[in-house]
Amino acid sequence: MKTQIVVVGGGAGGLELVRRLGARFGRKDFDIILVERNHTHVWKPLLHEVAAGSLDANLDEVGYRGHGHRWGYRFFYGSLEAIDRTARQVIVAPIFDDDGSELVGRHRLRYDYLVIAIGSVSNDFGTPGVKDHCLFLEDRHQADRFRLKLLNHCLRVSRTMSADPTDDAFVNIAIVGGGATGVELAAELYNAASSLRHYGLEVFDETRLRVTLIEAGPRILPALPDALAKAAHQELEALGVRVLANTSVSEATETGLRCATGEQIHANICVWAAGVQGANILGELDGLEVARSRQLVVLPTLQTSRDERIFAIGDCCFFKPEGAGGPVPPRAQAAHQMASTAYRNILHLIAGETPEAFVYRDKGSLVSLSRFSTVGSLMGNLVGGRMAIEGRLARMIYVSLYRMHLVAIHGWVKGLALILVGHANRVVRPRLKLH
C-alpha cells in the first residue's frame, strides 16, 4: 500500500504542509490527504477585512480541490470526529445538506502519519450570553455573517436619516478583545464606513458609526511595546473608537454588553475577539495529552507526547520551548515555521532518521489600522523586540506577510503571478464588497 499522510486542517500551516508534501512525493507511492470542513481557504489574518467588506474573499480564497489537483494531494471535505490510534485511522464526521439529509456518511481514513492542524477557537471564559449574542471571526462564514449584519444596520440608519435628517441614528458595534483582531477590525470598520456614501448610502458616513473596543487588560496590543500600543490607542481614538482598558465583560445580552463595572454598553452588533483555546474535539482524541488550554501537548519535534506518528502544528499545538516564559503564541508565523519543521520531520521518519527539534524564531508583530496606520515591532526575540516601526514602512512589511503566505501555498511562479493580479484588482475592483 501507499504511504498515507493525512493532514487535518487547511489553515496557514496545514495548507502549506500538504502543498510541500504533495510536491515532494507526488501520487505514485504516497497518498497525501487533506481533511478540511471548508471548501476554500482564506488567510485568517485577513478575516477582519472580509468582515468589514474591504476584501472580497471570492477573489482571494483558495479552492482546496483545484489546489490539490495542482500539487498532488487529495482533498476530503469533512470534520474530524475522532481518531483510532490502534488502527491508525482518522474518523471523519458525516456531512449533511441544508435540509438535514446525509450527503456523506461517517467514514475512516487510514494513516501512516497524521498531522493535526485544526487551529483554535475563541475563548469566551464562560461569560454568560456570549455564545448566543456575540459574533466571532474564526472563519469565512462568520466574517460574511458579520458583513451582512453590518450592511443591514448601515442601511437602516441611512434610511432613517433620509426620512428625518435630524434623527440621531447610529450603528453601534462593541468589540471585546484588544488584541490584533479587535484593533484591526475597529480601524477597518471606519475605513469601510467612509466609503459607503459612494455605494448607494448617500447620507451614511463614518460619523454614523460608534465602535467601542473593550480590553480586560491594562492596555490594548499587549504583544507590542508600550509606545506602539499607545500610538495605536491614540490612532483609534482619533478615528472615533471608544477604547476601554481594564474593563471586563460580565454578560452579553440582546441589546449589548454588561461590564463588571456595572456599565451597560448598547450595541447592535457584538464581536468577541478575546482569547483563544483549542477546540473541544482535541480533548477527545483517543488519549492524546492536552494542556489546560485544550491544545495538544507536543514534544520538541512537534510529535504528540503520546504518539510519535501524530504531529500537531499551529494554534492547536501546545509547545513551550525550554527556558521560555510561556508556550509558542498562536500566530500565523508560528504555524508557518511549524509546517516547515513537520515537513522535514516526516521526511526524517520515512527515511528512518532522527527527527529534529522545532526552534521558534519570533519575527515580531505587526498590526494594521487599515489605511490609517500600521504599527509593530520586528525581529522579536532576535533583538528583544526593540525594533519598533510604524507608518509607511510598517504598512509595506505588513502587506509583504500576505505575499509570503501566497508564495508558501502556491509556489514562487503562481505566488508572484497572484501578487501582480492583486495589484491590478486594487485598481479595477470596487473598494467594498456589498453583497
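What counts as what
Residues numbered from 1 in each chain as written. Predicted model: local features only at pLDDT ≥ 70, side-chain atom pairs only at ≥ 80, totals over all residues. Heavy atoms only, no water. UniProt positions renumbered as here; feature names shortened; annotations may be inferred. Helix = DSSP H or I, 4+ residues; strand = E, 2+ residues; numbered from the N terminus. Buried < 20%, exposed > 50% of the residue type's maximum accessible area, 1.4 Å probe, protein only. Contact = heavy atoms within 4.5 Å. Areas by Shrake-Rupley, 256 points an atom, 1.4 Å probe, with all protein chains shown as cover. Pairing = 2+ DSSP bridges.

- In the nomenclature of an unreviewed UniProt entry, the protein chain is known as FAD-dependent oxidoreductase of Mesorhizobium temperatum.
- UniProt, in the comment section headed Sequence similarities (unreviewed entry), describes the protein chain in these words: "Belongs to the NADH dehydrogenase family."

**Side note on the overall build of the protein chain**
And then number 1: Summing up its helical and strand segments, the protein chain has 10 helices and 27 strands in all.
And then number 2: Counting only residues that meet the buried cut, the protein chain has 53% of its 435 residues in that class.
And then number 3: Within the protein chain, counting contacts between residues at least 6 apart in sequence, those at least 24 apart form 64% of the total.
And then number 4: Accessible area for the protein chain stands at about 20100 Å²; split by element, carbon and sulfur atoms hold 51% of it.

**Considerations on unusual backbone geometry**
And then number 1: For Asp286, which is not a glycine, the phi torsion comes out positive at approximately 50°.
And then number 2: With respect to the secondary-structure elements, Asp286 resides in the loop between strand E20 (276-277) and strand E21 (296-297).
And then number 3: Using a relative accessible area of 33% as the deciding quantity, one classes Asp286 as partly exposed.
And then number 4: Although it is not a glycine, Arg294 sits at a positive phi angle of roughly 65°.
And then number 5: For Arg294, the position within the fold is in the loop between E20 and E21.
And then number 6: According to the relative accessible area criterion, Arg294 is partly exposed, its value standing at 25%.

**Quick look at the pairing of strand E23 (residues 307-312)**
And then number 1: Examined bridge by bridge, strand E11 (residues 113-116) and E23 share three bridges and lie parallel to one another. In the sheet register, Ile116 faces E23, and the bridge partner there is Ala312.
And then number 2: Where strand E22 (residues 303-304) and E23 come together, two bridges link them in antiparallel fashion. If you follow Gln303 over to E23, its bridge partner there is Phe311.
And then number 3: Between E22 and E23, which pair antiparallel in sequence order, lie two residues.

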